[in-house]
Amino acid sequence: MSRQVQHKEVVSDTGKVITYYDLEKPDAAVLDAKLTAAFASAESVLSCECVKTAVQQLFMNKEMQEMLIYVSRLPVFSAEVAGELKADLGLLAAVKHLKYFYSIPVSTVLFALSSVGTQYAKGDWEGLAYRVAADSSIAKLTVRALSKADPELDAVYGSNAAYLECADPHAVFPTSIYRMCDGHVHANHDASVIEGVMSTSITTTIKIQTGVLNPTNLTLCKVYKPIGKCVAVVDQFVDEKWGEDLCKYFAHHGVELTKLVYRAMEADKDISTVEEILKDLKMHSVSRNEPVLIVGGGVIADVGGFATALYHRNTAYVMLCTSIVSGIDAGPSPRTCCDGFGYKNLYGAYHPPVLTLTDRTFFNTLKEGWVRHGIAEIVKMAVVKDLSLFELLEKAGSRLITTKFGTTCPEDTEFGEMCDAIIGKAMEGYVKSEYGNLWETHQCRPHAYGHTWSPGYEIPAGMLHGHAVATGMGFGAHLAFREGFITEGESRRIMKLISDLELSLWHPILDDTDVVWASQEKMVQKRGGNLCAPVPKGQIGVCGYINDVSRERLEKTMAEYKTVCQDFPRAGVGIDPHCHDVGLEHPGTTGVCKKKEEGAAEAAAQEAAAPSGAALSYNEWIEQCQQQRASSHTERLAGAGGGAAKPPVFDENTLFYPVVEAYALSQTSQGSKDVNAVVESTEKEGLFAPCMVGQLEGQF
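Residues numbered from 1 in each chain as written. Predicted model: local features only at pLDDT ≥ 70, side-chain atom pairs only at ≥ 80, totals over all residues. Heavy atoms only, no water.

Asker: Just checking my understanding: could you explain the packing of helix H22 (residues 513-526) against helix H23 (residues 551-565) for this structure?
Answerer: How two helices pack is summed up by the angle between their axes together with the distance between the axes. Orientation of H22 relative to H23, taken along the N-to-C sense of each, is 130°, at an axis distance of 11 Å. As far as their axial angle goes, H23 and H22 are oblique. Helix-helix and strand crossings are classified by hand; for H22 and H23 the assignment is right-handed. Touching Thr513, Asp514, Val516, Trp517 and Gln520 of H22 are Arg551, Leu554, Glu555 and Met558, all from H23. When grouped by side-chain class, the residues that make up the contact of H22 with H23 number 4 nonpolar, 2 polar and 3 charged. (Axes fitted to C-alpha atoms, helices over the stretch in contact; angles between N-to-C directions. Helix = DSSP H or I, 4+ residues; strand = E, 2+ residues; numbered from the N terminus. Parallel < 35°, antiparallel > 145°, perpendicular 65-115°, else oblique. Left-handed = near helix turned anticlockwise from the far one by under 90°. Contact = heavy atoms within 4.5 Å. Nonpolar A, V, L, I, M, F, W, Y, C, P; charged D, E, K, R; others polar.)

Asker: It is not clear to me how helix H9 (residues 151-167) should be interpreted in this structure. Could you clarify?
Answerer: In an α-helix, one full turn covers 3.6 residues, which means residues spaced three or four apart are oriented alike. With 17 residues, H9 extends 23 Å between its outermost C-alpha atoms, agreeing within 8% with the 24 Å of an ideal straight helix rising 1.5 Å per residue. Along its length, H9 reaches its greatest deviation from straightness, about 30°, at tyrosine 157. At the N-terminal boundary of H9, the capping side chain belongs to aspartate 150, with an oxygen 2.9 Å from the backbone nitrogen of glutamate 152. (Expected span 1.5 Å × (residues − 1). Bend = angle between axes of the 7 residues up to and from the residue. Polar contact = N/O pair within 3.5 Å; in protein donor to acceptor, adjacent residues only side chain to side chain.)

Asker: Would you explain empty space enclosed by the protein in this entry?
Answerer: One way to see where empty space is left: roll a probe the size of a water molecule over the atoms. A complete count under the given rule lists 5 cavities of 30 Å³ or more for this structure. Within this model, the largest cavity holds a volume of roughly 60 Å³. In terms of lining, the largest cavity is formed by Pro26, Asp27, Ala28, Leu31, Tyr70, Leu74, Val81, Glu84 and Leu85. Listing elements by their share of the lining of the largest cavity, those giving two or more residues are helix H1 (28-42) and helix H4 (79-84). Residue composition of the lining of the largest cavity, grouped by class: 7 nonpolar, no polar and 2 charged. For the second largest cavity, the calculated volume is near 50 Å³. Along its surface, the second largest cavity is lined by Tyr224, Ile227, Lys229, Cys230, Val231, Val286, Glu290, Pro291 and Val292. Looking at the lining of the second largest cavity element by element, the count peaks at 3 residues for strand S7 (residues 229-235). Tallied by class, residues from the lining of the second largest cavity come to 7 nonpolar, no polar and 2 charged. (1 Å grid on protein atoms, 1.4 Å probe; cavity = no way out; pocket = protein on both sides within 12 Å on 5 of 7 lines; lining within 4 Å. Points joined across faces, edges and corners; volume = space filled by probe spheres on them.)

Asker: Would you explain the pattern of salt bridges in this entry?
Answerer: Two side chains with opposite charge may pair up if their charged atoms get near one another. Applying the stated criterion to the full structure yields 28 salt bridges. In this structure, the salt-bridge partner of glutamate 585 is arginine 263, at a minimum N-O distance of 3.0 Å. Of this pair, glutamate 585 sits in the loop between H23 and helix H24 (593-609) while arginine 263 sits in the loop between strand S8 (256-262) and helix H12 (271-283), and the two are 322 residues apart along the sequence. Of the residues examined, glutamate 585 reaches a relative accessible area of 27% and is grouped as partly exposed. For arginine 263, a relative accessible area of 24% corresponds to the partly exposed category. The partner of aspartate 576 in a salt bridge is arginine 372, and the shortest N-O contact between them spans 3.8 Å. Residue aspartate 576 is located in the loop between H23 and H24, and its partner arginine 372 is located in helix H15 (residues 368-385); the two are separated by 204 residues in the primary sequence. For aspartate 576, a relative accessible area of 30% puts it in the partly exposed group. The exposure class of arginine 372 is buried, given its relative accessible area of 3%. Linked through salt bridges whose partners overlap, the residues forming this network are Arg335, Glu434, Glu440 and Arg445. (Salt bridge = Lys/Arg side-chain N within 4 Å of Asp/Glu carboxyl O. Buried < 20%, exposed > 50% of the residue type's maximum accessible area, 1.4 Å probe, protein only.)

Listed below in structure tokens is the structure:
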């Protein structure tokens, strides 16, 4: 066996085997003994008034040196280490940081030491860590830097670093302390054929807390105090409600905060938003080893997470969740994304946060419609993963919405505890489903329940994501009944829960089976040639999959499902099912709204620059008249639609109401070749053609 830098190779008659890392076999008893000895021996440093002296003595302590070196050689992301330390998750998280003690700020090392638990750290190690982090002369120094200035330290830590440079470079030259890679390669003698396997391990932590922005809560402080700064990507709505608290928190801890605020409606979930974030991150010189803080709901979690995935190919981020969707689904999810060209989540990357914080305190400022649609992501986990969660949702009912998960009635501690249990169980079910299949290398994904058909009609219908998913869950439950997976009673029980939570079982767009079938075809493409629709199987709380649904069967089952939905309030339509119902723009304008704003600004500038009283061209005059006429419409559509075989029920009837528009489009033919030619030439030449209005109105 010959040893070479960063890899080993074994040569035999059949060829070469190349491996990469030499790591210690984890042993909980050995680690326990070393931790006990290290903290007992080093406890005297806590009484040092000078933090520099305390740090120097700490890293000079022989027992502490032995413990740190031992941990630096462990495969801390491995299942073996997790298995050894499963009884103490705080210690497990600390060990993941201590592995990198040589190259991370000493203040981060101190915070990690303070997190191992009172079993070992009996004194005020957290207090010492905070004092070190507050001393700018030493907070950002590394043991590598300290060793260069002290030959005695270098003799110990420098020699270990030289060993690790070959055995495990992650520990001494990490790009990020949250990721590790491994691999093995087989090659024949002349390397004309090579077979390799590569793997990546990613660590993440999820915490459900209350009062994350209370200065006494040190969770965010421990991440950003050692760095000395925090660059935060913040949802504009959240900034209006919580921006001052965010600023006060970091000011209290002496951390420089840079807020990058973006509008984050469904209509903004576009690649242009991602590009804007990327530009801003670069302008503020964010480094790959400095986790970005993302604050907000599902949209900012998706686009912000995607931006960090692209930034320098991979940059860590912390997710502070302020909505239900981000709190139990989009926040901890590795699937970051944005829409494009009218397609849901066309762009994306697998990039989970290194820390997810869910705090239902933030739910207090959400509109009821936002709370309601977020609950759909909890229902899906209950139906296919956890019967006890399903029963809790039945018990809590719509009170979850009216009290915003108990935040409007803090005196009701029993209900508050139930809300925490619901969030915790939903989160647990989610990670059970997701974290073993990070890269979607197979399609047995329970958390995709409700997401098989809905992505294809959510955007054109202008629906809130939760309501669209709810229609998919209701249909999936009925399909599971017809498949023989569950009883009719179980199917109705699922539908009743969805309805009791005021979510949608039905939407008129489901009458358009062309749209639903097209959605299924696209989903089969996305899922690698399989439909693999997750549905309840056997009983509520257990998942199965349906892979074959013909168009004939889809249309027949959908017609049956519509009939079933008539038995529920509002014929199955939920409360506030559309984006505009809760003050959001139609998601069909994705990527368009910003261009309109930019165009309006440009037009305003041109108008300001034009001479007073300047004559308008014919096209400009016609366009102005059309716009004025359109803005002053007072007509109503009540009573219209006579002659249609089965006109849908509209809960509003103003002109241009999205459902009316969708219905109109479904009742008319496609534009003729002549009309399409006019459209193309008009757009190409940048003209305004009033004749098109008459042509299209005539066809309509």
